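Breakdown of the fold
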Amino acid sequence: SPDDNFITLASKLSELSTSLLTELLPKYASSEITPTIQNHNEATFTKLIKKDYGRIDWSTMTAVQITNMLRAYTPWPGIWTYWQGVSNFKILEALQTTKPFPEDIDPNEIFPCANNTFLHVSKVQPPGKKPMSMKDFLNGQKGFKIEEFS
């Protein structure tokens, strides 16, 4: 589904593979089916994921790109940004939003992204703190300025 991330997708694939193995192993054991060798010329590889891949660049990334990063990099390396010059401010939950913004969302929860797109950030984890709602974070940050994120 469009809301899947690594965790939910891994769970779905685990359930699917369990039922598939239950069906196919007896057929393999009785030689009813035979394995097919993979075509190594068509195989694809990925590179090792590094923590820095989760860094958000607000000036070049659209809200869709950031949302996709969040889905891909949950739980590790997660997505993060700089806040007040300190790295590793984690964004834990966020969705793309459009103007006009829903009235029930605090405007300080809306982050401007590249190409005039917007991200509604609903859950964060400041460095050294426990995960919290963006609302709770904002309650503890009087004089909050979105420009403090980079």
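Preceding block: the structure.
First, a word on what this report is: a plain description of the structure on this page.

A short note on the side chain of D4
- Mapped onto the elements of the fold, D4 is located in the segment before helix 1 (6–29).
- A polar contact is formed between the side chain of D4 and the side chain of T8, at a distance of 2.8 Å.
- With sequence-adjacent residues up to four places away left out, D4 is seen in contact with L9, K12 and R71.

Thoughts on helix 1
- The end-to-end C-alpha distance of helix 1, which contains 24 residues, comes to 32 Å, matching closely the 34 Å that a straight helix rising 1.5 Å per residue would cover.
- Regarding helix 1, its N-cap is N5, as a side-chain oxygen of that residue lies 2.9 Å from the backbone nitrogen of I7 further along.
- Once helix 1 ends, the next one or two residues include S31, with phi positive near 60°.

A short note on the packing of aromatic side chains
- Per the counting criterion, the structure on display carries 11 aromatic pairs.
- Plain terms: the ring middles of W80 and Y82 are 5.7 Å apart, the flat faces sit at 65° to each other, and that makes the pair edge-to-face.
- Residue Y82 is classed as partly exposed on the basis of its relative accessible area of 27%.
- On the basis of an interplanar angle of 75° and a centroid distance of 5.2 Å, the ring pair of W83 and F137 is categorised as edge-to-face. With W83 in strand 1 (residues 79–83) and F137 in helix 3 (residues 134–139), the pair connects residues that are 54 residues apart, well separated along the chain.
- Pairwise contacts between aromatic rings join W58, W83, F89, F111, F137, F144 and F149 into one cluster.

Some details on the nonpolar core
- Core analysis: the biggest nonpolar cluster contains 23 residues, and L119 and F137 have the highest contact counts within it.
- Mapped by element, the contributors of at least two residues to this core are helix 2 (63–72), strand 1, strand 2 (86–97), strand 3 (110–113), strand 4 (117–125) and helix 3.
- Ranked by the residues each element gives to this core, the list is headed by helix 2, at four residues.
- Once residues within four sequence positions are removed from consideration, F137 is found in contact with W83, F89, V124, P126, M132, F144 and F149.

Definitions and limits used
- Residues numbered from 1 in each chain as written.
- Predicted model: local features only at pLDDT ≥ 70, side-chain atom pairs only at ≥ 80, totals over all residues.
- Heavy atoms only, no water.
- Helix = DSSP H or I, 4+ residues; strand = E, 2+ residues; numbered from the N terminus.
- Polar contact = N/O pair within 3.5 Å; in protein donor to acceptor, adjacent residues only side chain to side chain.
- Contact = heavy atoms within 4.5 Å.
- Expected span 1.5 Å × (residues − 1).
- Phe/Tyr/Trp six-rings, centres within 6.5 Å; stacked < 30°, edge-to-face > 60°.
- Buried < 20%, exposed > 50% of the residue type's maximum accessible area, 1.4 Å probe, protein only.
- Core = buried A, V, L, I, M, F, W, Y, C linked by side-chain atoms within 4.5 Å.

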